[in-house]
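Each chain, written out:
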Amino acid sequence: MTGGAGFIGTHVVTALHDAGHRVTIVDCGHPGAHRRPLPDTVAGAPVVRLDVRDGPGVAGVLAGVDAVVHQAAMVGLGVDLDDLPEYVGCNDLGTAVLLAAMARAGVHRLVLASSMVVYGEGAYVCAGHGPVRPGPRTVADLAAGRFEATCPSCGVAVTPGLVDEDAPLDPRSGYAATKVAQEHLTAAWARQTGGAVVALRYHNVYGPGMPRDTPYSGVAAMFRSALEAGQAPRVFEDGGQRRDFVHVRDVAAANLAALDATGTGTGWRAYNVASGRPATIGQLATELARAAGGPSPVVTGEFRLADVRHVVASPTRAETELGFRAVVGLADGIAEFAHAPLRG
Ligand code: UD1
């Protein structure tokens, strides 16, 4: 298990352990995700301090391994383009080194942590033109408060729908491009080795142990950190942007199901890991603030160029093929998250 000492990784290791798997964790303690030294163990599994770009080091831990769950990655939008080499290094070079070492060691099963960011904007329908793919929003539109995506043919507002795994890939940030590259690298590896890869496209993961407010944190951690400091969550755009918030324990369960699937098939297949229950960012902020007893959110109208407007997932393929269904409801998840510890 790579990245097993991180936010999502810790929950996946716990689920693997509870299911009776014997796990070795590889984690480099990347400063984007860890402000404290790595623990020696997570859920009883030993932590080997190792960067996945270290080929000989990775080869050394693969002996006797049946399958790899690859969560190690730099996530988020980052600060600026100076981050780009490190994103590509950790996410793509790291994956390439890991895949080469796995092929040499005869390890043919892989679960990859991918992301909904591979889609860019979600699915949209135009009343006049049917399913359409809006391009990136312009600075002029965003600055004028025109946040909704529009039809590329006629310019009218489009209606967001559910994005499924066959949607074209359209990465809109450097980070998103590294996730697409990871998918392609692992698909090529599966073809060449006859191995099995399940790529899990996580939607917006939240829950206990999320990293505190950093440029690499998702919005739920930003809001929770603000509330903990007695400040109002700052909602960008008009708060109407939609995401699918999926609880980290559900994400761990999806990893278990994916691992089982790599034991029975070959080839490459991607799955949304989502609750199937969209929420707006404004709604998340309001409900979290209420549950935390903190100040009400402020809607700032700020925007980030790499952000997309709506990404709402269809969870159907994971349900029918992996037997995975998210079970933590948003109200329960938020009530817990409002008081759960964050990663320091
Ligand atoms: C997030 C993750 C991404 C991950 C993906 C799927 C980050 C930065 N992004 O993408 O790594 O692959 O989920 O799990 O970790 N917003 C605010 N106020 C804030 C911060 C953000 O209103 O203080 C808004 C943003 O403008 C955006 C929405 O919240 O509309 C979601 O932002 P964020 O969680 O950062 O990014 P995602 O694109 O959803």
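Residues numbered from 1 in each chain as written. Predicted model: local features only at pLDDT ≥ 70, side-chain atom pairs only at ≥ 80, totals over all residues. Heavy atoms only, no water.

Identification of the protein chain as NAD-dependent epimerase/dehydratase family protein from Micromonospora antibiotica is taken from an unreviewed UniProt entry.

(A) Just the packing of helix α8 (residues 281-292) against helix α10 (residues 330-337), in detail. Where α8 contacts α10, the two axes come as close as 8 Å, and the packing angle between them is 50°. Classified by the angle between their axes, α8 and α10 sit oblique to one another. For α8 against α10, the interelement crossing comes out right-handed. Contacts from Leu284, Glu287, Leu288 and Ala291 of α8 reach α10 at Ile334, Ala335 and Phe337. Classifying every residue of the contact of α8 with α10 gives six nonpolar, no polar and one charged. (Axes fitted to C-alpha atoms, helices over the stretch in contact; angles between N-to-C directions. Helix = DSSP H or I, 4+ residues; strand = E, 2+ residues; numbered from the N terminus. Parallel < 35°, antiparallel > 145°, perpendicular 65-115°, else oblique. Left-handed = near helix turned anticlockwise from the far one by under 90°. Contact = heavy atoms within 4.5 Å. Nonpolar A, V, L, I, M, F, W, Y, C, P; charged D, E, K, R; others polar.)

(B) Up close: the side chain of Arg309. You can see Arg309 is positioned in the loop between β15 (298-299) and α9 (316-322). Overall, the relative accessible area of 1% leaves Arg309 in the buried class. A distance of 2.9 Å separates polar atoms of two side chains, one belonging to Arg309 and the other to Glu148. In contact with Arg309, other than residues within four places in its own chain, are Glu121, Tyr124, Arg137, Phe147, Glu148, Glu237, Asp238, Gly240, Gln241, Arg242 and Arg243. (Buried < 20%, exposed > 50% of the residue type's maximum accessible area, 1.4 Å probe, protein only. Polar contact = N/O pair within 3.5 Å; in protein donor to acceptor, adjacent residues only side chain to side chain.)

(C) Representation of unusual backbone geometry within the structure. Despite not being glycine, Ala43 has its phi angle at roughly 50°, a positive value. Tracing the chain through its elements places Ala43 in the loop between β2 (41-42) and β3 (45-49). A positive phi is found at Glu237, a non-glycine position, where the angle reads about 50°. Among the secondary structure elements, Glu237 is positioned in the loop between β11 (234-235) and β12 (242-247).

(D) Highlighting the pattern of salt bridges. This model, assessed by the stated rule, comprises 19 salt bridges. For Glu148, the salt bridge identified is with Arg309, shortest N-O distance 2.9 Å. Taken as a pair, Glu148 in the loop between α4 (139-143) and β8 (159-161) and Arg309 in the loop between β15 and α9 lie far apart in primary sequence, 161 residues in all. Residues Arg309 and Asp238 are paired through a salt bridge, measuring 2.9 Å at the closest nitrogen-oxygen approach. Taken together, the residues Arg309 in the loop between β15 and α9 and Asp238 in the loop between β11 and β12 connect sequence positions 71 residues apart. Connected through salt bridges with shared partners, the residues Arg137, Glu148, Glu237, Asp238 and Arg309 form a single ionic network. (Salt bridge = Lys/Arg side-chain N within 4 Å of Asp/Glu carboxyl O.)

(E) Main features of the site of the ligand. Near the ligand, the surroundings consist of 24 residues, among which Ser115, His203, Asn204, Phe236 and Asp307 are the closest. Contacts to the ligand include Phe236, whose backbone N or O atom sits 2.7 Å from an oxygen atom. In isolation the ligand has 730 Å² of accessible area, and contact with the protein removes 92% of it. Within the residue set of the shell around the ligand, elements represented by two or more residues are α6 (219-228) and β11. Broken down by element, the residue count for the shell around the ligand peaks at three residues, all from α6. Class assignment for the residues of the shell around the ligand results in 13 nonpolar, seven polar and four charged. (Near = heavy atom within 4 Å. Areas by Shrake-Rupley, 256 points an atom, 1.4 Å probe, with all protein chains shown as cover.)

(F) Layout of the UniProt feature "domain: NAD-dependent epimerase/dehydratase" (unreviewed entry) in the protein chain. The sites that carry the UniProt feature "domain: NAD-dependent epimerase/dehydratase" (unreviewed entry) are, in the present numbering, residues 1-123 and 164-274. For residues 1-123, the end-to-end C-alpha separation is 33 Å, with 33% helix and 17% strand making up the annotated structure. (UniProt positions renumbered as here; feature names shortened; annotations may be inferred.)

(G) The packing of aromatic side chains, seen in detail. Evaluated as defined, the whole model comprises three aromatic pairs. Ring centres of Tyr87 and Tyr175 lie 5.9 Å apart, and the angle between their planes is 55°; on these two criteria the pair is classed as tilted. Here Tyr175 lies in helix α5 (residues 174-193) and Tyr87 lies in helix α3 (residues 84-105), a separation of 88 residues in the sequence. Accessibility expressed as a relative area gives 2% for Tyr87, which makes it buried. Looking at Tyr175, the relative accessible area reads 10%, which means it is buried. Where Tyr206 meets Phe337, the ring centres are 5.9 Å apart and the plane angle is 80°; that geometry is what we call edge-to-face. (Phe/Tyr/Trp six-rings, centres within 6.5 Å; stacked < 30°, edge-to-face > 60°.)

(H) Examining the side chain of Ser114 more closely. Along the polypeptide, Ser114 turns up in strand β5 (residues 109-115). On the accessibility criterion, Ser114 (3% relative accessible area) is buried. Each residue touching Ser114, except ones within four places of it in the same chain, is listed here: Lys179, Glu183, Ala199, Leu200, Arg201 and Tyr202.

(I) Region of the structure containing the sheet that holds strand β10 (residues 204-206). Read from one edge of the open sheet, three strands run β10-β12-β14, paired in mixed fashion. Looking along the sheet, the strands with just one partner apiece sit at the ends: β10 and β14 (278-280). Strand-to-strand twist across the sheet, computed as the mean angle between neighbouring axes with direction ignored, equals 50°. Note that β12 and β14 share three bridges and pair antiparallel. Note that in β14 the partner of Asp244 across the bridge is Pro278. (Pairing = 2+ DSSP bridges.)

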